[in-house]
Amino acid sequence: MNTLDEEDGCAGCKATVTPKWRQDFPIEWEGDHYVSRREMVKFLTLGSLLLASANWVTVVASRLLHRGSYVNRYIGSASALDQAGSMLFRYPTDGDPCIAIRTPEGKVVAYSQVCTHLSCAVVYDKAENGLFCPCHHGLFNLAGQPIAGPPTRPLPRVQLEQRGDQLFAVGMEAL
Amino acid sequence: MSLRRQGTTLFSAMLAFVGAAVVLQLWLLTVSMEALLSGAYKTLIPAATGSTVLLLINAGLLRYVFRFDRDAHGE
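Analysis parameters
Numbers given to residues run from 1 along each chain, matching the order in which its sequence is written. Working convention: letters from A go to chains and numbers from 1 go to ligands, in the order in which they are written. A pLDDT threshold of at least 70 governs which residues receive local features in this predicted model, and a stricter bar of 80 or more applies before side-chain atom pairs are shown or counted, although totals over entire chains, interfaces and linings include all residues. Side-chain figures throughout are based on the complete set of non-hydrogen atoms in the structure, without hydrogens or water. For helices the rule is a DSSP run of H or I covering at least 4 residues; for strands it is a run of E covering at least 2, with both sets numbered from the N terminus onward. Relative accessibility thresholds used throughout: buried, under 20% of the residue-type maximum; exposed, over 50%; partly exposed, between the two (1.4 Å probe, protein chains only). Contacts are residue-level and defined by heavy atoms, with any inter-residue pair within 4.5 Å sufficient. Using the Shrake-Rupley algorithm and a 1.4 Å probe, accessible areas are obtained, with residue cover drawn only from the displayed protein chains. Note on definitions: salt bridges are taken to be side-chain nitrogens of Lys or Arg within 4 Å of carboxyl oxygens of Asp or Glu. When DSSP locates at least two bridges between a pair of strands, those strands are taken to pair. Every axis in this analysis is a line fitted to C-alpha atoms, fitted for helices over the stretch in contact. Angles between the N-to-C directions lie between 0 and 180 degrees. Here, nonpolar core means buried Ala, Val, Leu, Ile, Met, Phe, Trp, Tyr and Cys residues that are tied together by side-chain atoms lying within 4.5 Å of each other. Confidence of the predictor at the level of single residues is captured by pLDDT, which takes values from 0 to 100. By the criterion applied in these results, polar contacts are pairs of N or O atoms within 3.5 Å in which, for protein atoms, one can donate a hydrogen and the other can accept it, and in which residues neighboring in sequence qualify only through two side-chain atoms.

Asker: Help me understand the overall build of chain A in this model?
Answerer: Counting its regular elements, chain A contains 3 helices and 10 strands. Starting at the N terminus, the α and β elements of chain A follow one another as α-α-β-α-β-β-β-β-β-β-β-β-β. A buried classification covers 39% of the 175 residues belonging to chain A. Long-range pairs, those at least 24 residues apart, make up 36% of the contacts in chain A between residues at least 6 apart in sequence.

Asker: Which parts of the structure should I look at to understand the overall build of chain B?
Answerer: Scanning chain B for helices and strands turns up 2 helices and 0 strands. Taking all 75 residues of chain B together, 36% fall into the buried category. Expressed as a percentage of contacts within chain B between residues at least 6 apart in sequence, the contacts between residues at least 24 apart total 78%. Of the roughly 4300 Å² of accessible surface on chain B, 71% is carried by carbon and sulfur atoms.

Asker: Just to check I follow, could you spell out the pattern of salt bridges for this structure?
Answerer: Pairing between side chains becomes possible if they bear opposite charge and their charged atoms approach one another. Residue and element names in this part refer to chain A. With the rule as written, the count across this model stands at 5 salt bridges over all chains. Residues R73 and D94 are paired through a salt bridge, measuring 3.1 Å at the closest nitrogen-oxygen approach. Pair noted here: R73 is in strand β1 (residues 73-77) and D94 is in the loop between β2 (86-90) and β3 (97-102), with a separation of 21 residues, a long-range link. On the basis of relative accessible area, D94 is assigned to the exposed category, the value being 58%.

Asker: Teacher, can you tell me more about the sheet that holds strand β6 (residues 130-133) of chain A here?
Answerer: Consider a sheet: its strands pair through backbone hydrogen bonds, and that pairing is either parallel or antiparallel. All names here are of chain A. Strand order across the open sheet formed by 4 strands is β5-β6-β7-β8, with antiparallel pairing between neighbours. Every other strand in the sheet has two partners, leaving β5 (123-125) and β8 (146-148) as the edge strands with one partner each. In this sheet, neighbouring strand axes are inclined to one another by 40° on average, regardless of whether the strands run parallel or antiparallel. Bridging between β5 and β6 involves 3 bridges; their strand directions are antiparallel. When the sheet's bridge partners are listed, V123 is paired in β6 with F132.

Asker: Just checking my understanding: could you explain the nonpolar core for this structure?
Answerer: For soluble globular proteins, the rule of thumb is that nonpolar side chains tend to be buried together. Residue and element names in this part refer to chain A. Core analysis: the biggest nonpolar cluster contains 14 residues, and I75, F89, Y91, A100, V158 and L167 have the highest contact counts within it. Elements supplying a minimum of two residues to this core: α3 (78-84), β2, β3, β4 (108-112) and β10 (166-172). The leading source of residues in this core is β10, at 3 residues. When residues no more than four places from it in sequence are discounted, the contact partners of I75 are M87, F89, A100, L160, L167, F168 and A169. In terms of nonpolar packing, the next biggest core, distinct from the first, is built from 13 residues, Y111, L131, F140 and L142 among them.

Asker: Sorry, what's going on with the confidence of the model for chain A here?
Answerer: Fine structural detail should not be taken from predicted coordinates in areas where pLDDT scores are low. Mean pLDDT over chain A stands at 83; residues scoring 70 or higher make up 82%. Across residues 1-9 of chain A, confidence stays below pLDDT 50; counting only partners more than four residues off in sequence or on other chains, it has 15 contacts.

Asker: I would appreciate a short explanation of the side chain of S62(A) in the present structure.
Answerer: Tracing the backbone shows S62(A) in helix α2 (residues 29-65). Only 2.6 Å separates the side chain of S62(A) from the backbone oxygen of V59(A), close enough to count as a polar contact.

Here it is in structure tokens:
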């Protein structure tokens, strides 16, 4: 379609052809609404593309964060845990703080130390017999389930293996 | 009713639909971010797939807008 107008010196085309710039700046309200809504649909679709891409970035990030994880890792001795009541370690990477606890029943359990509310570090509270988050007073029982405060999701559990006096982390339970 | 007038009505409806889809995508992204930070990786791929489906619907509607424009200019 020819978009020439009087500025281009096409005197013959003057009455029939609308310049391209004028199509985007119409005089009538109806035409103005038509253009602005069309532009908005284009803008929102671009936003939609960015949001979908960001969603896939989270998938890639999750793969990169935990690539090569779940190797067996020595976390400490059972006797040291008995003395202290709880023990901090890192698993599966050095950026993932965890806590191991000797329960009153004599079992050893371990969880991620990252609170499922806003990622503060939980600590073992002997009086409450649970894991306490000091930031917002969240409390998890020794099965990792939230029982008080804002957290709604359980703590990720670390799978342990005891070989003699040595404790090893061997995996994380999938959420 | 002129083709342009029809287009105005059509684009209003389309804009509402695309806007709702983008809000839904935004919600999916916040869910994904929360899942990523809490280690609940099982939800990430379904959320990303859902977001991509919404993108494809939006892209299909945008394609329709371009085609409609072409027809309107040819009117």
